[in-house]
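Read off the chains here:
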Amino acid sequence: PRPLPPYLLFLLTGFLLPATSARADCLEAIFFDLGDTLVEAGGGGLFVVRAGVHDTIDSLQVTGVQLGIITNVPAGWTREDLEAVMAEPEFLDEFDVVVLSSEAPAPKPNPQIYLHAHGLLPTVVPIERTAFVGENLAEIANAQSNPTLGARSVGMVGIWVSNGAPSPLADHTIASAGLSALVPLHQSLCALVFTDDFESGDISDWSDSTG
C-alpha cells in the first residue's frame, strides 16, 4: 500500500481519528517524603538535596503534575525550622504543598495526614490519581490489600523508593538513584489512548484506501 499523502494524513489525524484521553491511572499529583527520599544528611549538619533529584523534579513540573511534600518533623516545628536545617531551603519552593506533621492532624503513617495534604492541593484531583513516593514502606501501606495505615489506605498510589526487590505493599517500586525512574513511570501511566482502547498515534498499519 502507498503511504498516506500529507494532506490526507493531516485530515485524518486532525479530524477523523478517535478522541484521545489520559489513562484512568494517570497521576495528577505526587507527594514525596522528604528525608532520605529527596534530601539526605550532608556536611555541617544540614540536609542536602540528593543527586539527580533536581532534574527529576524539573522534568515532572514540565508535565503539569502537582507536586508536594509530606514530612514528619518534631512537635512544634514550623516551616522556618525545617528550612533552617536544609542547605537549600529554597528547594521547598519548588513544591505546591509542603505538609509538616507538626501542622497536620497526625504524623505519617496515620491516614489523616495524607488526606490533609490532598485537601491542600491548589487544584482538586481524585485521590486515586495522587501518589506518595517514599523509601519507608510503613508510610506507604501496612497490608497488601485493604491497608489501614499509610498512603494507600486513603486511596493514593504507593511508590516505593528502593534498590531491592519490589514489595507487594507498594503499587510500584523505583530505584533510588535520583528518582529518575519516576519520570518514565509517570509517562507510562499517563500515556494517551484512543477512547476505543487502541494506542494513540499508531497509524503504521493504515493504507490509502484509494489503492
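This is a predicted model, so every value here is computed, not measured.

J.: Would you explain the side chain of Thr37 in this entry?
T.: Its location among the elements puts Thr37 in the loop between strand 2 (29–32) and strand 3 (39–41). Beyond its immediate chain neighbours, meaning those up to four positions away, Thr37 contacts Phe32, Arg50, Val53, Val133, Gly134, Glu135, Val161 and Leu179.

J.: Whenever I open this one, the sheet that holds strand 8 (residues 157–161) confuses me. Can you help?
T.: Overall, parallel pairing links the 6 strands, which are arranged 6-5-2-7-8-9 in an open sheet. The sheet is open, and its two borders are formed by strand 6 (97–100) and strand 9 (172–174), each paired with just one other strand. If you compare each strand with its neighbour and ignore which way they point, the axes differ by 20° on average. The sheet contact formed by strand 2 and strand 5 (residues 66–71) spans 4 bridges and is parallel. Pairing of Ala29 across the sheet is with Gln66, part of strand 5. Where helix 4 (residues 111–119) meets the sheet, it contacts strand 2, strand 5, strand 6 and strand 7 (130–134), and its direction lies at approximately 150° from that of strand 6. Strands in contact with helix 5 (residues 182–189) are strand 2, strand 7, strand 8 and strand 9; relative to strand 9, the strand with the most contacts, it is inclined by about 150°.

J.: How should I be thinking about a negative patch on the surface in this particular structure?
T.: A cluster of acidic residues, Asp55, Asp58, Glu90 and Glu94, forms a negative patch at the surface. Position of Glu90 relative to the elements: it lies in the loop between helix 3 (79–84) and strand 6. Using a relative accessible area of 47% as the deciding quantity, one classes Glu90 as partly exposed.

J.: Hey, could you run me through the nonpolar core in this one?
T.: Nonpolar side chains tend to gather and get buried jointly when the protein is soluble and globular. In terms of nonpolar packing, the biggest core is built from 32 residues, with Ile30, Phe32, Leu38, Phe91, Phe95, Ile159 and Leu182 touching the most fellow members. Mapped onto this core, the elements with two or more residues apiece are strand 2, helix 2 (53–63), strand 5, strand 6, strand 7, strand 8 and helix 5. Examining the composition of this core, we find that 4 residues originate from one element, helix 5, more than from any other. In this structure, Val97, Ile140, Ala141 and Met156 belong to the second largest nonpolar core, which totals 21 residues.

J.: It is not clear to me how the pairing of strand 6 should be interpreted in this structure. Could you clarify?
T.: Where a strand is regular, its side chains alternate between the two sheet faces. Neither face of strand 6 is exposed, since Val97 and Val99 on one face and Val98 and Leu100 on the opposite face are all buried. Pairing analysis gives 4 bridges linking strand 5 to strand 6, with the strands arranged parallel. For Ile69, the partnering residue across the bridge sits in strand 6 and is Val98. Between strand 5 and its parallel partner strand 6, the chain crosses via helix 3, and the hand of that crossover is right-handed.

J.: Sorry, what's going on with the pattern of salt bridges here?
T.: Any two side chains of opposite charge can pair, on the condition that their charged atoms come close. Counted according to the given criterion, the structure contains 7 salt bridges. Notably, a salt bridge pairs Asp93 with Arg79, separated by 2.9 Å at the nearest N-O pair. Here Asp93 is found in the loop between helix 3 and strand 6, whereas its partner Arg79 is found in helix 3, with 14 residues between them in sequence. Residue Asp93 is classed as exposed on the basis of its relative accessible area, which comes to 54%. Ionic pairing is found between Lys108 and Glu139, a salt bridge with its closest N-O pair at 3.0 Å. Taken as a pair, Lys108 in the loop between strand 6 and helix 4 and Glu139 in the loop between strand 7 and strand 8 lie far apart in primary sequence, 31 residues in all. Comparing Lys108 with Glu139, the two get one shared label, buried. One continuous salt-bridge network, built from bridges that share partners, spans Asp33, Lys108 and Glu139.

Rules used in this analysis
- Sequence order as written defines the numbering, with residues in each chain counted from 1.
- Only residues with pLDDT of at least 70 get local features here, since the model is predicted, and only at 80 or more are side-chain atom pairs given and counted; chain-wide, interface and lining totals rely on the full set of residues.
- Only hydrogens and water are set aside when side-chain values are computed; all heavy atoms of the structure are taken into account.
- Secondary structure is summarised from DSSP: a helix means a run of H or I of at least four residues, a strand means a run of E of at least two, and numbering begins at the N terminus for each.
- Any two residues having at least one pair of non-hydrogen atoms within 4.5 Å are treated as being in contact.
- Each pair of strands is called paired provided DSSP finds at least two bridges between the two strands.
- Angles shown run from 0 to 180 degrees and are taken between the N-to-C directions of axes, each axis being a line fitted to C-alpha atoms and, for helices, limited to the stretch in contact.
- Every patch collects residues that have over 30% relative accessible area and no salt bridge, joining them within 9 Å if they carry like charges and within 5 Å if they are nonpolar side chains (Val, Leu, Ile, Met, Phe, Trp, Tyr).
- Here the Shrake-Rupley method, with its probe set to 1.4 Å, supplies the accessible areas, and only the displayed protein chains count as covering residues.
- Criterion for a salt bridge: a side-chain nitrogen of Lys or Arg within 4 Å of a carboxyl oxygen of Asp or Glu.
- Counted as positive: Lys and Arg. Counted as negative: Asp and Glu. His and the chain ends are not counted at all.
- Charge placement uses NZ in Lys and CZ in Arg. For Asp and Glu, CG and CD serve respectively.
- A simple rule labels every residue: compare its accessible area, found with a 1.4 Å probe on the protein chains alone, to the largest value its type can have, and call it buried under 20%, exposed over 50%, or partly exposed in between.
- Nine residue types can take part in a nonpolar core, namely buried Ala, Val, Leu, Ile, Met, Phe, Trp, Tyr and Cys, and a core is a set of them joined through side-chain atoms within 4.5 Å.
- A crossover counts as right-handed when, viewed with the strands pointing away from the observer, the path leading from the first strand over the helix to the second turns clockwise.

Everything listed here is a matter of geometry and, on its own, says nothing about what the molecule does.
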